[in-house]
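# Fold and geometry: a report
The primary structure of each chain is shown beneath.
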Amino acid sequence: PISLKNLLPEGYMHRASWVFLLAVSLMLTAGCKKDELRAKDARIAELEAQTGETGASLDQCKKDRENLNKLVKGYTGEINAMEAALAEAAAREAQAAKRLAEYNSMLKQLKSMIDSGKLKVRIVRGKMVIELPEAVLFASGSAKLKKEGVRVLAELGPVLASLEGRVFQVGGHTDNKPIKTARFPSNWELSGARAIDVTKLLIEYGVPGTRVSAAAYADTQPVADNETKEGRALNRRIEIALQPNLDELPDLSDFEGNGN
(Lines give C-alpha, C1' and ligand atoms only; values in the text may rest on other atoms or scores of the structure.)
Protein backbone atom coordinates (compact mmCIF):
# COMPACT_ATOMS: atom_id res chain seq x y z
CA PRO A 1 0.00 0.00 0.00
CA ILE A 2 0.98 3.58 -0.65
CA SER A 3 1.49 5.80 2.43
CA LEU A 4 2.77 9.29 3.14
CA LYS A 5 5.81 7.80 4.82
CA ASN A 6 6.66 5.80 1.62
CA LEU A 7 6.26 8.83 -0.60
CA LEU A 8 8.34 11.32 1.52
CA PRO A 9 12.09 11.23 1.70
CA GLU A 10 13.72 9.47 4.61
CA GLY A 11 13.95 11.64 7.72
CA TYR A 12 11.36 14.05 6.50
CA MET A 13 8.67 12.80 8.92
CA HIS A 14 11.02 13.28 11.81
CA ARG A 15 11.64 16.86 10.79
CA ALA A 16 7.93 17.50 10.25
CA SER A 17 7.16 16.32 13.74
CA TRP A 18 9.73 18.66 15.13
CA VAL A 19 8.32 21.55 13.14
CA PHE A 20 4.83 20.71 14.29
CA LEU A 21 5.90 20.64 17.91
CA LEU A 22 7.71 23.94 17.46
CA ALA A 23 4.63 25.49 15.93
CA VAL A 24 2.46 24.24 18.74
CA SER A 25 4.99 25.55 21.26
CA LEU A 26 5.06 28.94 19.58
CA MET A 27 1.29 29.07 19.58
CA LEU A 28 1.17 28.22 23.27
CA THR A 29 3.88 30.78 24.03
CA ALA A 30 2.08 33.44 22.03
CA GLY A 31 -1.09 32.70 23.97
CA CYS A 32 0.78 33.12 27.26
CA LYS A 33 2.30 36.39 26.07
CA LYS A 34 -1.13 37.72 25.16
CA ASP A 35 -2.41 36.82 28.63
CA GLU A 36 0.56 38.57 30.21
CA LEU A 37 0.02 41.62 28.03
CA ARG A 38 -3.65 41.72 28.93
CA ALA A 39 -2.73 41.46 32.62
CA LYS A 40 -0.15 44.22 32.25
CA ASP A 41 -2.60 46.42 30.34
CA ALA A 42 -5.16 45.89 33.08
CA ARG A 43 -2.55 46.75 35.73
CA ILE A 44 -1.52 49.86 33.82
CA ALA A 45 -5.15 50.92 33.54
CA GLU A 46 -5.60 50.30 37.27
CA LEU A 47 -2.49 52.32 38.09
CA GLU A 48 -3.60 55.13 35.80
CA ALA A 49 -6.98 55.20 37.55
CA GLN A 50 -5.24 55.27 40.92
CA THR A 51 -2.94 58.05 39.68
CA GLY A 52 -5.97 60.08 38.60
CA GLU A 53 -7.60 59.58 41.99
CA THR A 54 -4.34 60.49 43.74
CA GLY A 55 -4.03 63.64 41.61
CA ALA A 56 -7.60 64.64 42.44
CA SER A 57 -6.93 63.98 46.13
CA LEU A 58 -3.74 66.05 45.92
CA ASP A 59 -5.60 68.95 44.31
CA GLN A 60 -8.23 68.80 47.03
CA CYS A 61 -5.51 68.73 49.69
CA LYS A 62 -3.97 71.86 48.14
CA LYS A 63 -7.33 73.62 48.18
CA ASP A 64 -7.95 72.54 51.78
CA ARG A 65 -4.50 73.83 52.73
CA GLU A 66 -5.16 77.20 51.07
CA ASN A 67 -8.50 77.51 52.86
CA LEU A 68 -6.85 76.55 56.15
CA ASN A 69 -4.11 79.16 55.62
CA LYS A 70 -6.78 81.80 54.99
CA LEU A 71 -8.58 80.83 58.18
CA VAL A 72 -5.34 80.89 60.17
CA LYS A 73 -4.47 84.29 58.73
CA GLY A 74 -7.91 85.61 59.59
CA TYR A 75 -7.77 84.27 63.12
CA THR A 76 -4.25 85.67 63.54
CA GLY A 77 -5.51 89.11 62.50
CA GLU A 78 -8.40 88.90 64.93
CA ILE A 79 -6.10 87.81 67.73
CA ASN A 80 -3.68 90.67 67.01
CA ALA A 81 -6.57 93.15 66.97
CA MET A 82 -7.88 91.79 70.28
CA GLU A 83 -4.42 91.99 71.85
CA ALA A 84 -4.04 95.59 70.64
CA ALA A 85 -7.49 96.48 72.02
CA LEU A 86 -6.65 94.89 75.37
CA ALA A 87 -3.34 96.76 75.52
CA GLU A 88 -5.10 100.03 74.69
CA ALA A 89 -7.75 99.37 77.35
CA ALA A 90 -5.04 98.60 79.90
CA ALA A 91 -3.24 101.85 79.00
CA ARG A 92 -6.47 103.84 79.37
CA GLU A 93 -7.16 102.17 82.70
CA ALA A 94 -3.66 103.05 83.90
CA GLN A 95 -4.12 106.67 82.77
CA ALA A 96 -7.50 106.86 84.51
CA ALA A 97 -5.98 105.47 87.71
CA LYS A 98 -3.18 108.03 87.51
CA ARG A 99 -5.64 110.90 86.98
CA LEU A 100 -7.79 109.70 89.86
CA ALA A 101 -4.77 109.60 92.15
CA GLU A 102 -3.85 113.16 91.09
CA TYR A 103 -7.37 114.44 91.66
CA ASN A 104 -7.64 112.79 95.06
CA SER A 105 -4.31 114.34 96.05
CA MET A 106 -5.47 117.77 94.90
CA LEU A 107 -8.81 117.45 96.70
CA LYS A 108 -7.03 116.65 99.96
CA GLN A 109 -4.86 119.73 99.59
CA LEU A 110 -7.84 121.93 98.75
CA LYS A 111 -10.17 120.49 101.41
CA SER A 112 -9.90 123.44 103.78
CA MET A 113 -10.59 125.93 100.97
CA ILE A 114 -13.56 123.86 99.78
CA ASP A 115 -14.97 123.59 103.30
CA SER A 116 -14.67 127.37 103.80
CA GLY A 117 -16.54 128.08 100.53
CA LYS A 118 -13.60 129.78 98.82
CA LEU A 119 -13.81 127.41 95.86
CA LYS A 120 -15.64 124.38 94.46
CA VAL A 121 -14.40 121.39 92.50
CA ARG A 122 -16.63 120.00 89.73
CA ILE A 123 -16.35 117.64 86.77
CA VAL A 124 -17.36 119.45 83.56
CA ARG A 125 -17.32 117.58 80.24
CA GLY A 126 -14.85 115.05 81.57
CA LYS A 127 -12.50 117.67 83.04
CA MET A 128 -11.87 118.57 86.67
CA VAL A 129 -12.71 122.24 87.16
CA ILE A 130 -11.85 124.45 90.12
CA GLU A 131 -14.54 127.12 90.42
CA LEU A 132 -13.81 130.42 92.21
CA PRO A 133 -16.82 132.73 92.76
CA GLU A 134 -16.61 136.41 91.82
CA ALA A 135 -17.32 137.46 95.41
CA VAL A 136 -14.05 135.89 96.57
CA LEU A 137 -11.88 137.40 93.85
CA PHE A 138 -13.31 140.65 92.46
CA ALA A 139 -15.55 143.56 93.23
CA SER A 140 -18.57 143.94 90.93
CA GLY A 141 -17.59 145.17 87.46
CA SER A 142 -13.88 145.12 88.35
CA ALA A 143 -10.93 143.00 87.15
CA LYS A 144 -8.69 143.98 90.08
CA LEU A 145 -8.19 141.13 92.53
CA LYS A 146 -9.27 141.72 96.12
CA LYS A 147 -6.90 140.96 98.97
CA GLU A 148 -8.92 137.88 99.83
CA GLY A 149 -8.65 136.73 96.21
CA VAL A 150 -4.88 137.16 96.26
CA ARG A 151 -4.66 135.04 99.42
CA VAL A 152 -6.80 132.30 97.82
CA LEU A 153 -4.61 132.20 94.70
CA ALA A 154 -1.45 132.25 96.80
CA GLU A 155 -2.69 129.06 98.44
CA LEU A 156 -3.99 127.53 95.21
CA GLY A 157 -0.94 128.20 93.01
CA PRO A 158 1.48 125.77 94.70
CA VAL A 159 -1.17 123.02 94.67
CA LEU A 160 -1.62 123.36 90.91
CA ALA A 161 2.13 123.58 90.36
CA SER A 162 2.58 120.27 92.21
CA LEU A 163 0.56 118.43 89.55
CA GLU A 164 3.57 117.70 87.38
CA GLY A 165 3.00 118.09 83.66
CA ARG A 166 -0.62 119.18 84.00
CA VAL A 167 -1.88 122.09 81.88
CA PHE A 168 -4.56 124.51 83.11
CA GLN A 169 -6.92 126.93 81.42
CA VAL A 170 -8.28 129.88 83.39
CA GLY A 171 -11.72 130.84 82.08
CA GLY A 172 -13.55 134.07 82.92
CA HIS A 173 -17.37 133.93 83.09
CA THR A 174 -20.03 136.61 83.65
CA ASP A 175 -23.79 136.81 84.00
CA ASN A 176 -25.94 138.12 81.15
CA LYS A 177 -26.17 141.68 82.46
CA PRO A 178 -24.28 143.78 79.88
CA ILE A 179 -21.42 146.05 80.89
CA LYS A 180 -20.30 149.05 78.88
CA THR A 181 -17.41 151.11 80.20
CA ALA A 182 -14.32 152.67 78.68
CA ARG A 183 -12.18 149.73 79.82
CA PHE A 184 -14.79 147.01 79.33
CA PRO A 185 -17.00 147.69 76.30
CA SER A 186 -18.70 144.31 76.87
CA ASN A 187 -18.72 141.25 79.11
CA TRP A 188 -16.11 139.68 76.83
CA GLU A 189 -13.47 142.23 77.82
CA LEU A 190 -14.39 141.94 81.51
CA SER A 191 -14.25 138.13 81.59
CA GLY A 192 -10.99 138.14 79.63
CA ALA A 193 -9.30 140.70 81.86
CA ARG A 194 -10.28 138.76 84.99
CA ALA A 195 -8.94 135.51 83.53
CA ILE A 196 -5.65 137.17 82.59
CA ASP A 197 -5.17 138.69 86.06
CA VAL A 198 -5.78 135.31 87.74
CA THR A 199 -3.40 133.62 85.29
CA LYS A 200 -0.61 136.11 86.00
CA LEU A 201 -0.97 135.65 89.76
CA LEU A 202 -0.92 131.84 89.48
CA ILE A 203 2.36 132.15 87.57
CA GLU A 204 3.73 134.34 90.39
CA TYR A 205 2.83 131.58 92.84
CA GLY A 206 4.60 128.77 91.05
CA VAL A 207 2.56 127.57 88.07
CA PRO A 208 4.86 127.55 84.99
CA GLY A 209 3.69 129.99 82.31
CA THR A 210 3.93 127.20 79.73
CA ARG A 211 1.26 125.25 81.58
CA VAL A 212 -1.45 127.87 82.02
CA SER A 213 -3.55 129.97 79.64
CA ALA A 214 -6.44 132.43 79.85
CA ALA A 215 -9.80 132.40 78.05
CA ALA A 216 -12.89 134.64 77.97
CA TYR A 217 -16.40 133.15 77.88
CA ALA A 218 -18.52 136.18 78.87
CA ASP A 219 -22.07 134.89 79.53
CA THR A 220 -22.00 131.97 77.07
CA GLN A 221 -21.67 129.16 79.63
CA PRO A 222 -24.02 129.85 82.56
CA VAL A 223 -24.27 127.32 85.37
CA ALA A 224 -27.47 128.80 86.83
CA ASP A 225 -30.56 130.78 85.85
CA ASN A 226 -29.72 134.39 85.00
CA GLU A 227 -33.29 135.39 85.87
CA THR A 228 -32.52 135.34 89.60
CA LYS A 229 -30.02 137.32 91.66
CA GLU A 230 -28.63 134.09 93.13
CA GLY A 231 -28.27 132.53 89.70
CA ARG A 232 -26.41 135.53 88.31
CA ALA A 233 -24.03 135.45 91.27
CA LEU A 234 -23.18 131.80 90.50
CA ASN A 235 -22.56 132.63 86.84
CA ARG A 236 -20.00 135.32 87.70
CA ARG A 237 -16.99 133.12 88.31
CA ILE A 238 -13.49 132.01 87.38
CA GLU A 239 -12.99 128.39 86.34
CA ILE A 240 -9.59 126.69 86.27
CA ALA A 241 -9.86 123.56 84.14
CA LEU A 242 -7.31 120.76 84.14
CA GLN A 243 -6.63 119.99 80.49
CA PRO A 244 -5.98 116.42 79.32
CA ASN A 245 -2.42 115.49 78.42
CA LEU A 246 -1.62 114.67 74.80
CA ASP A 247 -1.16 110.97 75.58
CA GLU A 248 -4.72 110.88 76.94
CA LEU A 249 -6.23 112.13 73.69
CA PRO A 250 -7.19 109.91 70.71
CA ASP A 251 -4.44 109.26 68.17
CA LEU A 252 -5.34 111.36 65.11
CA SER A 253 -2.12 110.71 63.18
CA ASP A 254 -4.06 108.76 60.53
CA PHE A 255 -5.89 111.98 59.60
CA GLU A 256 -2.69 113.91 58.78
CA GLY A 257 -2.88 115.31 55.30
CA ASN A 258 -6.51 114.30 54.79
CA GLY A 259 -7.74 117.87 55.17
CA ASN A 260 -6.09 119.05 51.95
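Overview of the structure.

Cut-off values and rules
Residues numbered from 1 in each chain as written. Predicted model: local features only at pLDDT ≥ 70, side-chain atom pairs only at ≥ 80, totals over all residues. Heavy atoms only, no water. Pairing = 2+ DSSP bridges. Helix = DSSP H or I, 4+ residues; strand = E, 2+ residues; numbered from the N terminus. Axes fitted to C-alpha atoms, helices over the stretch in contact; angles between N-to-C directions. Right-handed = clockwise from strand over helix to strand, strands pointing away. Patch = residues over 30% accessible without salt bridge, like charges linked within 9 Å, V, L, I, M, F, W, Y side chains within 5 Å. Areas by Shrake-Rupley, 256 points an atom, 1.4 Å probe, with all protein chains shown as cover. Salt bridge = Lys/Arg side-chain N within 4 Å of Asp/Glu carboxyl O. Buried < 20%, exposed > 50% of the residue type's maximum accessible area, 1.4 Å probe, protein only. Parallel < 35°, antiparallel > 145°, perpendicular 65-115°, else oblique. Left-handed = near helix turned anticlockwise from the far one by under 90°. Contact = heavy atoms within 4.5 Å. Nonpolar A, V, L, I, M, F, W, Y, C, P; charged D, E, K, R; others polar. Expected span 1.5 Å × (residues − 1). Polar contact = N/O pair within 3.5 Å; in protein donor to acceptor, adjacent residues only side chain to side chain.

Sheet architecture is open: five strands sit in the order β1-β2-β5-β3-β4, paired in mixed fashion. Either end of the sheet is taken by a strand with one partner, and the two such strands are β1 (120-124) and β4 (212-218). For this sheet the average axis-to-axis angle between neighbouring strands, irrespective of direction, equals 25°. Of the strand pairs in this sheet, strand β2 (residues 127-133) and strand β5 (residues 237-243) are connected by five bridges, and their pairing is antiparallel. When the sheet's bridge partners are listed, I130 is paired in β5 with I240.

As defined by bridge partners, strand β3 (residues 167-173) adjoins β4 across six bridges and the pair is classed as parallel. Each bridged residue has a counterpart across the sheet, and for G172 the counterpart in β4 is A216. Following the backbone out of β3, through helix α5 (residues 187-204) and into the adjacent parallel β4, one traces a crossover that is right-handed.

Before going further, it helps to spend a moment on a nonpolar patch on the surface. On the surface, L68, L71, V72, Y75 and I79 cluster together into a nonpolar patch covering about 490 Å² of accessible area. Among the structural elements, I79 can be located in helix α2 (residues 12-115). Among the residues examined, I79 registers a relative accessible area of 44% and is labelled partly exposed.

Before going further, it helps to examine the packing of helix α4 (residues 147-161) against α5. Between α4 and α5, whose axes approach to 8 Å, the crossing angle comes to 60°. With respect to each other, α4 and α5 are oriented oblique. In this structure, α4 crosses over α5, and the sense of that crossing is right-handed. Seen from α4, the contacting residues are V150, L153, G157 and L160; seen from α5, they are V198, L201 and L202. Here the residues of the contact of α4 with α5 sort into six nonpolar, one polar and no charged.

Along an α-helix, residues three or four positions apart point the same way, because every turn accommodates 3.6 residues. Relative to the 26 Å expected for 18 residues at 1.5 Å per residue, α5 spans 26 Å between its end C-alpha atoms, a close match to the ideal helical length. Within the span of α5, buried status applies to N187, L190, S191, G192, A193, R194, A195, V198, T199, L201 and L202. Taken together, the buried residues of α5 touch α3 (134-137), α4, β3, β4 and β5. G206, located one to two residues past α5, shows a positive phi value of around 115°.

What follows deals with unusual backbone geometry. For A218, which is not a glycine, the phi torsion comes out positive at approximately 50°. Looking at the secondary structure, you find A218 in strand β4.

It is worth spelling out the side chain of E239 at this point. Locating E239 in the fold gives a position in strand β5. The class of E239 is buried, set by a relative accessible area of 9%. At a separation of 2.8 Å, a polar atom in the side chain of E239 contacts the side chain of R237. Leaving out residues up to four positions away in the same chain, E239 has contacts with R122, V129, I130, E131, Q169, V170, G171, H173 and V223.

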